[in-house]
Amino acid sequence: MLFALSFVKPASAASSTMYTWTPSKLYKTASGAAYSRNVNSGTAVTVYSKSGKRYKVKAGGKTGYIYADNLTRSKVKKEDYFGSKIYKQAAGGPYVASVPAGKMMYIKMEATKNGMYLAHVIGTGYSGYVDKTHFIKPVVKYTWMPSKLYTSATGNSYNKTIKDGQKVSVFNGSHGRYQVKAGNSSGYIYANNLTGLLAKKTVYASSKLYTSASHTKYTAVIRPNQQVYVKESTQNMSHICVVGTTQSGWIYTSHFTKPAPAAGGKTTGTATGSTSGSASGTIGSVTATSGTTTAGNTGSGFTSGTTTAGSTGSDSASGTTTTGNTGSGSASGTTTTGNTGSGSASGTTATGNTGSGSASGTTTTGNTGSGSTSGTTTAGSTGSATASATTTKGLDVSHYQTLTQDSFNLMKSQGYNFIILKATEGSGYTDSKFYTYYKYARNAGLSVHAYHMIGNSTTTSAQHIAEAKRFYQVLAQAKAKTGYAFTGYAFEDIEPTGTNSITTTWWANAAPACAGYFLNEMQTLGQAKVGIYAGYFNWKSYLEGHTDSWPSNTKIWLARYNITLGTNADVWQYTETGTIDGITGHFDLDISYDPDF
């Protein structure tokens, strides 16, 4: 008779393989304190059975008992990318050690509590709870603006401020903040303050700093040649922060495009007219002229007067056209040597004018750009301007421009008569280049004036008077600092910046009175020549007609770009992107209608 045999697993047969996630003692019995050896973390053991709180196991050829809590079914080894405190409890509180980033740990996967892993730091005696997000490889981001490093995801306390343009490692986010490491510091930074790609650009045009991409409200104006970090771009607008400041907002993306050099307006060609006779010279040809074309004229036009040999292109004039004119234009008077560009004049146009313009009076050497003048326009203006009286040209600068003595000499040689230098801002800042540039400008023979940038939007007098005193003190030290006493006009620059918190409400309710506090204090201190600088819109909307509290001799300096001024002013800042031959960069250029300049 045959019997069926069945296999019965003996009680000592292995049930599974598990791993030690922390160093463990191999006890001799299921309950005793004696042990035969230590078993390292990460060791595979063969598990037979459980007795109380210990498993009977075989580890490295030896059999014994290991606490069940010391074993895990999966061998998981992870790198701590953040650097962590090893807490005694999953709820935080007391901790047993701090370990730097890069430490390797064995994880007991079954013990995830409150977002923490139960872990052992390999090669140490440290075991405990670690934030599970610290084992996720971080994403690299950058601060595009200065950012507070908060101590928690929700609180207001912070341990430092991280500068703009800094690389940080991002681990996780909650409540609108990311947990980050910046160098050796860790904490939380607002997610909106971080960007994946850091783009550093130069702003080439004066830019209003809008509060949103819809560009309806702005808080400050960025001058040309500022460098900014760009976070994002949309709707032809870019979200930026001015490098090294807390000024942030939206500007037009087109302002990052470097302007092309101004065109010279030279033309070579053939001119034809309906008269009898012809003349030829070394450059170009003239056909069918009623008179004589003079040598060296370049451009196009029609001449009914005297045309002499050597003209290039064609010109139209009812008077006499003389040597060296370049470009195209018509004149009913006399056009003299060296004019470049195009324009019309009913009076006399003198040497070296560049660009286009019309004048019923006299236009003098070196004017660049286009404009119409019924009086006298002085040399070298760039852009477009309309004048009804005698004008002189100038510019305003600060430490943003890098200039030498030669720079100021070039300004003077190109017909600039006056310059307005930034001296102070608020109640404590002095422009780092004021005294240096003041001396250079006076050395060059320029008429020199100064301006103060308003630093507050309070409505009471005290702060405005304090700023006036600071401005006066800096001007009063000019003699000792440079050898030249300050003899020019002192302007208060009223415009919103990233720090003075000027709002529409302030403009509407307080601007005229606050300007009066400042200007009157300056005169009380002894600065007789005072003035105000403002944008055309703010002048027309809030200041004009409300100047009763100001000194009666206050000069008005207004900014309005790419358009005629259209209002009375003593000085007109008509461009922020002007250029001067031989000097790198862009400049605010001005025209004065006042003989004091």
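Check the entry above for the structure.
What counts as what
- Residues numbered from 1 in each chain as written.
- Predicted model: local features only at pLDDT ≥ 70, side-chain atom pairs only at ≥ 80, totals over all residues.
- Heavy atoms only, no water.
- Helix = DSSP H or I, 4+ residues; strand = E, 2+ residues; numbered from the N terminus.
- Buried < 20%, exposed > 50% of the residue type's maximum accessible area, 1.4 Å probe, protein only.
- Contact = heavy atoms within 4.5 Å.
- Areas by Shrake-Rupley, 256 points an atom, 1.4 Å probe, with all protein chains shown as cover.
- Core = buried A, V, L, I, M, F, W, Y, C linked by side-chain atoms within 4.5 Å.
- Arc of directions from axis to C-beta.
- Pairing = 2+ DSSP bridges.

Novice: In this structure, what is going on with the overall build of the protein chain? I would like to understand it.
Specialist: Across its full length, the protein chain holds seven helices and 51 strands. Split into buried and exposed, the 597 residues of the protein chain put 44% on the buried side. Taking the intrachain contacts of the protein chain between residues at least 6 apart in sequence as the baseline, contacts between residues at least 24 apart amount to 51%. For the protein chain, the accessible surface area stands at approximately 27,500 Å², while carbon and sulfur atoms represent 50% of it.

Novice: How do you make sense of the nonpolar core when you look at a structure like this?
Specialist: Ranked by size, the top nonpolar core spans 57 residues in total, and within it L395, F408, M411, I419, F434, L475 and W506 carry the most contacts. Here the element with the most residues in this core is helix α6 (residues 511-525); it accounts for six residues. Not counting the four nearest positions on each side in its chain, F408 is found in contact with L403, I419, Y437, Y440, A441, A444 and L446. Among the nonpolar cores identified, the runner-up in size contains 11 residues, and V47, Y55, A68 and L71 belong to it.

Novice: Just checking my understanding: could you explain helix α2 (residues 434-443) for this structure?
Specialist: One full turn of an α-helix is made of 3.6 residues, so residues set three or four places apart face in the same direction. Burial in α2 covers these residues: F434, Y435, Y437, Y438 and A441. The arc that holds every buried residue of α2, seen down its axis, measures 165°, which confines them to one face. The inward-facing, buried residues of α2 abut β43 (392-397), α1 (405-413), β44 (418-425), β46 (447-453), α3 (461-476) and α4 (478-482). After α2 finishes, the residue G445 shows a positive phi value of roughly 90°.

Novice: How do you make sense of the side chain of T497 when you look at a structure like this?
Specialist: Turning to its location among the elements, T497 is positioned in the loop between β47 (490-493) and α5 (504-509). On the basis of relative accessible area, T497 is assigned to the buried category, the value being 11%. Excluding residues that lie within four positions of it along the chain, T497 makes contacts with T219, A220, Q247, E425 and M453.

Novice: Looking at this model, I keep getting lost on unusual backbone geometry. Mind explaining?
Specialist: Note: most peptide bonds trans; most residues except glycine with negative phi. Here N114, not a glycine, exhibits a phi torsion of approximately 50°, which is positive. With respect to the secondary-structure elements, N114 resides in the loop between β11 (103-113) and β12 (116-121). At S501, a residue that is not glycine, the phi angle is positive and equals roughly 60°. Along the chain, S501 falls in the loop between β47 and α5.

Novice: Help me out: how do you make sense of the pairing of β11 in this one?
Specialist: Remark: a regular strand shows side chains that alternate across the two faces of the sheet. For strand β8 (residues 76-80) and β11, the ladder comprises five bridges, and the chain directions are antiparallel. When the sheet's bridge partners are listed, K77 is paired in β11 with Y106. As paired strands, β11 and β12 are joined by five bridges and run antiparallel to one another. The residue of β12 that forms the bridge with K108 is L118. If you look at the hairpin formed by β11 and β12, you'll find two residues sitting between the two strands, and N114 has a positive phi there, around 50°.

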